[in-house]
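Inside the fold
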Amino acid sequence: MGAAVTVDAHHHVWDLSVRDHDWITGSALAPLRRNFTLADLAPEARAAGVDRTVLVQTVTVAEETPEFLALAEEHPLVAGVVGWTDLTEPGVAETLARLRALPGGAYLRGIRHQVQGEPDPEWLLRADVRRGLAAVADAGLVYDLVVLPRQLPACARAAAAHPGLTFVLDHLGKPPIASGALEPWASQVRALAALPNTVCKLSGMVTEADWATWTPADVRPYADIVLDAFGPERIMFGSDWPVCTLAASYGEVLRTAEQLTLGLGADDRAQVFEGTARRVYRL
């Protein structure tokens, strides 16, 4: 039987009346062009046994992070926030300190930037970005990586250059599941996993597969590779709700993750579904 899922380490919310999300474009993403709130998520999460979540940034807008921190203070489901700040600004340390002084600031656990949208595959290695990463480490926060496979080599170099900073790879680094190809993603993700200050989220797989026809068998090879490379103690489950709803319901994503980890022992499954997230994000 599967493990009890108690922590969802990756989800989003948004209110399009507060600000538009310019990444939600085209007919394929049309189902996401509405508000998704904690009130929508909470019943599904609790029905699945999830009682703590990590709320992750969605847009590179400074105002979003204070809003998410306030949500975390108000809503018992959210135990941690991964926010955004401009890593290239000289005053990153001061910005992080200000965020922590805000209502809900104690819930700030990490920082993320949409590196996947940066044309430079070595954006993480720029001098100004590295100064920002050092400030994140000094603040005792982690850094979430949302990247494409071609950016994984730079992720490994950044993690090697900042051994005191924990890097959390979102969505397995977005492997080409729909095509069935494993390389060069598999070799690149193993190189990242070889660094001890790296962690991977078992998340985002269904939307990298064929949305209409995917099965657990389609995503299993990719899940098996990261489980082997990182080990269960450095893997954490995340739903990627509501983006996952393009291809699967919240419950389907959970059941798939449980099915993919059935070969693990009870203690290892407990790491994937609770222990790793609690430790890394200090929940």
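Before reading on, note that the structure itself is shown above.
Residues numbered from 1 in each chain as written. Predicted model: local features only at pLDDT ≥ 70, side-chain atom pairs only at ≥ 80, totals over all residues. Heavy atoms only, no water.

So, the environment of Met236
Threshold: Under the scheme used here, helices are H or I runs from DSSP no shorter than 4 residues and strands are E runs no shorter than 2 residues, and both carry numbers assigned from the N terminus. Each residue is assigned to one of three classes by its accessible area relative to the maximum for its type, calculated with a 1.4 Å probe on protein chains only: buried under 20%, partly exposed between the two thresholds, exposed over 50%. Contact definition: two residues touch when any of their heavy atoms are within 4.5 Å.
Among the secondary structure elements, Met236 is positioned in strand S8 (residues 235-237). On the basis of relative accessible area, Met236 is assigned to the buried category, the value being 0%. The spatial distance from the C-alpha of Met236 to the C-alpha of Gly275 is 7.9 Å, given a sequence separation of 39 residues. In this view, Met236 contacts Ala9, Val168, Val199, Cys200, Lys201, Leu202, Val272, Thr276, Ala277, Val280 and Tyr281; residues no more than four positions away in its chain are not counted.

Focus on the pairing of strand S3 (residues 78-83)
We apply this condition: Paired strands, in this sense, are two strands between which DSSP finds at least two bridges. For a crossover, the right-handed case is the one in which the path from the first strand over the helix to the second runs clockwise, viewed with the strands pointing away from the viewer.
Along S3, 6 of the 6 residues are buried, which leaves the element largely enclosed by surrounding structure. Sheet topology note: the strand S2 (residues 52-56)/S3 ladder contains 4 bridges and is parallel. Bridge pairing in S3 links Val56 to Val82. Handedness of the crossover is the feature at issue here: the chain leaves S2, passes through helix H2 (residues 64-74), returns alongside S3, and the resulting connection is right-handed. With 3 bridges joining them, S3 and strand S4 (residues 108-113) adopt parallel strand pairing. Residue pairing in the sheet places Val81 in a bridge with Leu108 of S4. Note that the unit made of S3, helix H3 (residues 92-101) and S4 has a crossover that is right-handed.

Description of the pairing of strand S7 (residues 198-202)
Taking burial as the measure, the 5 residues of S7 include 5 buried ones, the bulk of the element. Here S7 shows two buried faces, one formed by Thr198, Cys200 and Leu202 and the other by Val199 and Lys201. Judged from the 3 bridges that link them, strand S6 (residues 167-169) and S7 form a sheet pairing that is parallel. For Leu169, the partnering residue across the bridge sits in S7 and is Cys200. You can see the chain leave S6, run along helix H6 (residues 185-193) and come back into S7, and the turn it takes is right-handed. For the crossover that starts at S7, traverses helix H7 (residues 216-230) and ends in the parallel S8, the hand is right-handed.

Quick word on the packing of aromatic side chains
Applied cut-off: Each Phe, Tyr or Trp ring (for Trp, its six-membered ring) is paired with any other whose centre lies within 6.5 Å, and the angle between the two planes then decides the class: stacked below 30 degrees, edge-to-face above 60, tilted in between.
Per the stated rule, a full pass over the model turns up 6 aromatic pairs. Each ring, one from Phe36 and one from Trp241, has its centre 5.6 Å from the other, and the planes form 90 degrees; the classification is edge-to-face. With Phe36 in the loop between strand S1 (7-11) and helix H1 (38-47) and Trp241 in the loop between S8 and helix H8 (250-260), this pair connects stretches of sequence that are 205 residues apart. Judged by its relative accessible area of 2%, Phe36 falls in the buried class.

Honestly, it's all geometry; don't read function into it.
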